[in-house]
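Close look at the chain arrangement
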Amino acid sequence: MDGGVVAETTVTEATVAEVMAELAALEDPKARAVNERHGDDHGVHLGRLRALAKRLKTQQELARRLWETGDTAARLLALLISRPKAYGRDELDAMVREARAPKVHDWLVNYVVKKSRHAEDLRLAWTADPDPVVASAGWALTTERVAKNPEGLDLPALLDVIEAEMKDAPDRLQWAMNHCLAQIGIEHAEHRPRALSIGERLEVLKDHPTSPGCTSPYAPTWITEIVRRRHP
């Protein structure tokens, strides 16, 4: 049996080396320059990364090994080939604390944690975490519940926290809280006037640059536009 384990490990290591070589071959200096402006230290076009993931299909052990490299492109690929329900609670907690590149953090929360059986437990733990990046993951999970499973959430209390803390929150936490504010206003008409009022008073992201055709992240504009589209 020991020989079988060694053989399996050797194959996995070779596979990791092969994938890392393929990622290196996909490196594009122009893509890296664009990504680095957003805090993401990799140079692989996301479309090519997704194509590679589609070819590899789900491979949980390979995903774990790629994550362990610490390389941003490898971690993004790892998340795409992961089996979300295979991760333990403590494993996901450690991963979110290691995921400092914004895109890795975003994909980890959206592609893995939201689909795991530990999402609610981690939501509660992370929202109160003193690390603002970890707390932002908790708020992202809360936003998911606001939209899809609001039963049991104290929406007025969430609005109280947002009103008191969002203005001075660090960027990524502020962004996540603002998204939650907008989602409450969009999904829950009874709380919409207060959500609009908070957004107008705090003016968070009011002057954020918005590409043509995109909705502004400024909560009052965001809420009003999405509600208008849903109820023309």
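Treat the numbers as computed from the prediction; the structure is a model and nothing was measured.

Bringing the nonpolar core into the picture now. With 36 residues, the main nonpolar core has Leu66, Leu77 and Leu108 as its most contacted residues. Broken down by secondary-structure element, the contributors of at least two residues to this core are helix H1 (2–25), helix H3 (46–56), helix H4 (60–68), helix H5 (72–80), helix H6 (89–98), helix H7 (102–112), helix H8 (119–127) and helix H9 (132–148). Broken down by element, this core gets its largest block of residues, six residues, from H5. Each residue touching Leu66, except ones within four places of it in the same chain, is listed here: Val16, Val19, Met20, Ala74, Arg75, Leu77, Ala78 and Ile81. With 29 residues, the next largest nonpolar core counts Leu159, Ala182, Ala195 and Leu196 among its residues.

Our next topic: the packing of aromatic side chains. Applying the stated criterion across every chain, the model contains one aromatic pair. Centroid distance Trp107 to Tyr111: 5.2 Å. Interplanar angle 40°. Geometry classified as tilted. Highlighted residues: Trp107 and Tyr111, both in helix H7, separated by four residues, approximately one helical turn. Judged by its relative accessible area of 2%, Trp107 is buried. Over the face of the ring belonging to Trp67 we find Arg75, whose NZ or CZ atom lies 4.2 Å from the ring centre.

With that out of the way, let us pick up the packing of helix H10 (residues 155–165) against helix H11 (residues 171–187). Here H10 crosses H11 at 140°, and the two axes come no closer than 10 Å. For the element pair H10 / H11, the angle class is oblique. For the pair H10 and H11, the sense of crossing is left-handed. Across from Leu155, Leu158, Leu159, Val161, Ile162 and Glu165 in H10, the residues of H11 making contact are Met177, Cys180, Leu181 and Ile184. Of the residues contributing to the contact of H10 with H11, the split by class is nine nonpolar, no polar and one charged.

Take the confidence of the model for the chain next. Averaged over the chain, the pLDDT score is 92; the fraction of residues at 70 or greater is 94%. Below pLDDT 50 for its whole length, residues 1–11 participates in zero contacts with residues either more than four positions away or in separate chains.

A separate point is the packing of H11 against helix H12 (residues 192–202). Interhelical geometry of H11 versus H12 gives an angle of 150° and a closest axis separation of 8 Å. Crossing angle aside, the handedness with which H11 passes H12 is left-handed. Contacts between H11 and H12 pair Leu181, Gly185 and Ile186 from the former with Arg192, Ala195, Ile198 and Gly199 from the latter. Here the contact of H11 with H12 is built from residues that sort into four nonpolar, two polar and one charged.

This paragraph deals with the layout of surface pockets. By volume, the largest pocket amounts to about 910 Å³. Around the largest pocket, the lining comprises 26 residues; the ones closest to its centre are Pro102, His105, Asp106, Arg172 and Trp175. Of all the elements in the fold, those that place two or more residues in the lining of the largest pocket are H7, H9 and H11. In terms of residue class, the lining of the largest pocket is made up of 10 nonpolar, 10 polar and six charged.

Attention now goes to the pattern of salt bridges. This model, assessed by the stated rule, comprises 22 salt bridges. Ionic pairing is found between Glu163 and Arg201, a salt bridge with its closest N-O pair at 3.0 Å. In this pair, Glu163 sits in helix H10 while Arg201 sits in helix H12, placing the two residues 38 residues apart along the sequence. Residue class for Glu163 comes out partly exposed when judged on its relative accessible area of 27%. The class of Arg201 is exposed, set by a relative accessible area of 52%. The partner of Glu225 in a salt bridge is Arg228, and the shortest N-O contact between them spans 2.6 Å.

Rules behind the numbers
- Residues numbered from 1 in each chain as written.
- Predicted model: local features only at pLDDT ≥ 70, side-chain atom pairs only at ≥ 80, totals over all residues.
- Heavy atoms only, no water.
- Core = buried A, V, L, I, M, F, W, Y, C linked by side-chain atoms within 4.5 Å.
- Buried < 20%, exposed > 50% of the residue type's maximum accessible area, 1.4 Å probe, protein only.
- Helix = DSSP H or I, 4+ residues; strand = E, 2+ residues; numbered from the N terminus.
- Contact = heavy atoms within 4.5 Å.
- Phe/Tyr/Trp six-rings, centres within 6.5 Å; stacked < 30°, edge-to-face > 60°.
- Lys NZ or Arg CZ within 6 Å of the ring centre and 35° of its normal.
- Axes fitted to C-alpha atoms, helices over the stretch in contact; angles between N-to-C directions.
- Parallel < 35°, antiparallel > 145°, perpendicular 65-115°, else oblique.
- Left-handed = near helix turned anticlockwise from the far one by under 90°.
- Nonpolar A, V, L, I, M, F, W, Y, C, P; charged D, E, K, R; others polar.
- pLDDT = per-residue confidence, 0-100.
- 1 Å grid on protein atoms, 1.4 Å probe; cavity = no way out; pocket = protein on both sides within 12 Å on 5 of 7 lines; lining within 4 Å.
- Points joined across faces, edges and corners; volume = space filled by probe spheres on them.
- Salt bridge = Lys/Arg side-chain N within 4 Å of Asp/Glu carboxyl O.

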